[in-house]
Amino acid sequence: MSTSGDNVPQAPKSTGVDRRRFLTLGGVSVLATAVMAACGKKGGSSSGAGTTESTTSTTAPSPKDIDILRTAQSLEVAAAAGYQKIIDANVVKTSSLSDAVKAFQTHHKQHAQAFENATIGAGGEAYTQPNPVVMNQLLNPRLAAMKTEADATKLLYDLEHMLSATFQSDVGTFSNIAFNQKVASVGGVEAAHVAFLAPSTGKPTTPDGAFGSVDGAVPTTSIS
Amino acid sequence: MEISEHEFRRLVADADEQHRAGMERLSADLSDLHLDDDRDISPTSRRQLLRRVAAGGAVVAVGTAVVPLLDLFTPALAQTATQPPSDASLVAFAESVERALAASYAEAATFAAASGAAVKGALTTFAGHHQQHASALATVGAHLNAPSNHKPNPKLLDVAHGQFTAARDQTQILNVGFLLETSAASTYMSALSTLTDGQAQKLSASVLPVESQHSVAFGAGAGKAIADLVPTFILPDHTLDPTKFPIAT
């Protein structure tokens, strides 16, 4: 069933993402100028998580679908790289948290592989490099300043929350609805990572309340 | 080692509660309190995870029978029907599930096994979340002319009631919650394979991660190891089957 969705009350915090707005990464609002510029280049063709785009179909993958999948892979590659730097820095001393870091990094590697497979399956070219916006705006600065386990934990929490928000915002933007399940299957795990890490940063396991938030979602133009 | 009541209460506190003046800052992180040193950190799936839990004796009482909880799940919504369920029916079903979870948690919070403030607080907080989910689903359902009567799913309510009633201690209460939340997340996963309405998709996408977080809170409170707590992917394997859990008539 397809409907326009006009005049339908919105699910709390589930819609209304504006991919042209400030990216909020790690509690630091970052004006993603590179993203904005890229949006201009591409005419915002990938900024499809807004409320006006409320209907998808079961059609074949579109170029936009592939853009989203490639961006998803870039984010997972960046996440795995970020985790590796934290592992290498050896600042996480608590054994249980250290093991979680290793486990979560493995998850991200497998997520990246899943998105690569999906991209190729959809006829696209895999994006095997870490997302440049996330690396430059979030990970590299925070990793450079990281000194303690608390620093690392907060960074990982912010990273995971950004991933969860992004994959949530991706749902409903695909031409091929099969990809909704793909990103949700990963996003749900990122949300679980958030819940695990949250208490160590002084936050509750459901930091967004009853509904996941898309604040801080990274747009596809981040890899343009 | 089981998580302390105080720690668990912190886990499930609402966001605004963290700013409450005088709230204690806990020195140890959550993980230290409930993870063993020899745990398996290999990737796992919800299927593996639930099999482990099931092997551990998780059962449900349905009427007078006690059956494995996994028997009530189905591989995927679309695989059990001659044709995929409509958006309207899925939304109505999801609303009934949310209302059943809200009602069963509210009831469980009154049980002796859940008398600790931490567990009671978790059940109460999450019941509130499920109530909000149900309300949002009812709104989307109205748009879709969904066949909802805005009542809890009777079978799921019965199952959850039986499980919570049978729970003898806090850990068992938490394990029941873990299973219910895991199945809820899986159910939304399945729904997203067929939902075409944008509002229903977006709402499902915003609810699924919270169910996943609930499962972590319950599972962590029960002392589950990381491999059992967080899977590599959310899979539709343990979807609640609408044919086994029909909405109230």
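The model shown is predicted, which means the values in this text are computed figures rather than measured ones.

Reading the values: the criteria
Residues numbered from 1 in each chain as written. Chains lettered and ligands numbered in written order. Predicted model: local features only at pLDDT ≥ 70, side-chain atom pairs only at ≥ 80, totals over all residues. Heavy atoms only, no water. Helix = DSSP H or I, 4+ residues; strand = E, 2+ residues; numbered from the N terminus. Buried < 20%, exposed > 50% of the residue type's maximum accessible area, 1.4 Å probe, protein only. Contact = heavy atoms within 4.5 Å. Areas by Shrake-Rupley, 256 points an atom, 1.4 Å probe, with all protein chains shown as cover. Phe/Tyr/Trp six-rings, centres within 6.5 Å; stacked < 30°, edge-to-face > 60°. Core = buried A, V, L, I, M, F, W, Y, C linked by side-chain atoms within 4.5 Å. Salt bridge = Lys/Arg side-chain N within 4 Å of Asp/Glu carboxyl O. pLDDT = per-residue confidence, 0-100. Expected span 1.5 Å × (residues − 1).

Peer 1: Can you tell me about the overall build of chain A, naming the residues and giving the values?
Peer 2: On a plain count of helices and strands, chain A comes out with six helices and two strands. Looking at chain A as a whole, 63% of its 224 residues qualify as buried. Considering only residue pairs separated by 6 or more positions, chain A has 81% of its internal contacts joining residues 24 or more positions apart. Total accessible area computed for chain A in this model is approximately 7,800 Å², and 52% of it derives from carbon and sulfur atoms.

Peer 1: Just give me the short version of the overall build of chain B, but keep the residues and values in it.
Peer 2: Of the regular secondary structure elements, chain B holds nine helices and four strands. Counting across all 249 residues of chain B, residues that qualify as buried make up 59%. Of the contacts formed within chain B by residues at least 6 apart in sequence, a portion of 81% connects residues at least 24 apart. Total accessible area on chain B stands at roughly 9,000 Å², and carbon and sulfur atoms take up 54% of it.

Peer 1: Give a detailed account of unusual backbone geometry, specifying residues and quantitative values.
Peer 2: A negative phi angle characterises most non-glycine residues, just as the trans form characterises most peptide bonds. Its identity as a non-glycine residue notwithstanding, A:Asn90 has a phi of 55°, on the positive side. Looking at the secondary structure, you find A:Asn90 in the loop between helix 2 (63–89) and helix 3 (95–121). Relative accessible area serves as the criterion here: at 45%, A:Asn90 is assigned to the partly exposed category. Positioned with a positive phi, B:His150 is a non-glycine residue whose angle comes to about 60°. Structurally, B:His150 is set in the loop between helix 5 (117–144) and helix 6 (154–166).

Peer 1: How would you explain the packing of aromatic side chains if you had to name every residue and give the values?
Peer 2: All chains considered together, the criterion is met by six aromatic pairs over all chains. Between A:Phe174 and A:Phe179, the aromatic rings sit 5.4 Å apart at their centres with planes inclined by 55°, giving tilted as the arrangement. Each of the two residues, A:Phe174 as well as A:Phe179, counts as buried. Aromatic side chains B:Tyr105 and B:Phe164 sit 5.9 Å apart centroid to centroid with 80° between the ring planes, which places their arrangement in the edge-to-face category. In this pair, B:Tyr105 is assigned in helix 4 (residues 87–108) and B:Phe164 in helix 6, connecting sequence segments 59 residues apart. Taking the relative accessible area as the measure of exposure, B:Phe164 reaches 1% and is therefore buried. Clustering of aromatic rings is evident, with ring pairs tying together B:Tyr105, B:Phe126, B:Phe164 and B:Phe218.

Peer 1: Tell me about the nonpolar core, and name the residues and values.
Peer 2: The biggest cluster of nonpolar side chains holds 107 residues, and the ones touching the most others in it are A:Phe104, A:Val134, A:Leu159, A:Phe196, B:Tyr105, B:Leu123 and B:Phe164. No other element matches helix 4 of chain B, which puts 11 residues into this core. Once residues lying within four places of it in the same chain are set aside, the contact partners of A:Val134 are A:Leu75, A:Ala78, A:Leu139, A:Leu159, A:Met162 and A:Val218.

Peer 1: Provide a residue-level description of the pattern of salt bridges, including the pertinent values.
Peer 2: Tallying each qualifying case throughout the model produces three salt bridges over all chains. Of the charged contacts in the structure, one is a salt bridge between A:Asp158 and A:Arg142, with a shortest N-O distance of 2.9 Å. Here A:Asp158, found in helix 5 (residues 149–170), pairs with A:Arg142, found in helix 4 (residues 132–145); they are 16 residues apart in sequence, far enough to count as distant. Taking the shortest distance from any N to any O, the salt bridge between B:Arg99 and B:Glu95 comes out at 2.8 Å. Of this pair, B:Arg99 and B:Glu95 both sit in helix 4, four residues apart, which is roughly one turn of the helix. With a relative accessible area of 14%, B:Arg99 lands in the buried category. Residues participating in the shared-partner salt-bridge network are A:Arg142, A:Lys154 and A:Asp158.

Peer 1: Describe in detail the confidence of the model for chain B, supporting the description with residues and values.
Peer 2: All names here are of chain B. Residues of chain B with pLDDT of at least 70 account for 67%, and the chain-wide mean is 77. Here helix 2 (residues 30–34) stands out as the least confident element of chain B, with mean pLDDT 22; helix 4 is the most confident, with 98. Low pLDDT, under 50, characterises residues 14–72; the predicted model gives this stretch 147 contacts beyond four residues in sequence or across chains. Scored below 50 in pLDDT, residues 74–80 makes 19 contacts in the model with residues more than four places away or belonging to other chains. Across the assembled chains, the prediction reports ipTM 0.79 with pTM 0.78.

Peer 1: Can you explain the environment of A:Asp99? Please cite residues and give values.
Peer 2: When you line up the elements, A:Asp99 lands in helix 3. By relative accessible area, which is 16% here, A:Asp99 ends up buried.

Peer 1: An account of the environment of A:Ala198 is needed here, citing residue identities and associated values.
Peer 2: All names here are of chain A. Here alanine 198 is to be found in the segment after helix 6 (178–197). Residue class for alanine 198 comes out buried when judged on its relative accessible area of 0%. For the pair alanine 198 and proline 61, spaced 137 residues apart in sequence, the C-alpha separation works out to 36 Å. Dropping the residues within four chain positions of it, alanine 198 is found in contact with Tyr157, Lys203, Pro204 and Thr205.

Peer 1: Give me the lowdown on helix 3 of chain A, citing residues and values where you can.
Peer 2: Given 3.6 residues per turn, any residue in an α-helix points the same way as the ones three and four places further on. The end-to-end C-alpha distance of helix 3 of chain A is 39 Å, a good match for the 39 Å that 27 residues give at a rise of 1.5 Å each. Backbone geometry just after helix 3 of chain A places A:Gly123 at a positive phi near 95°.

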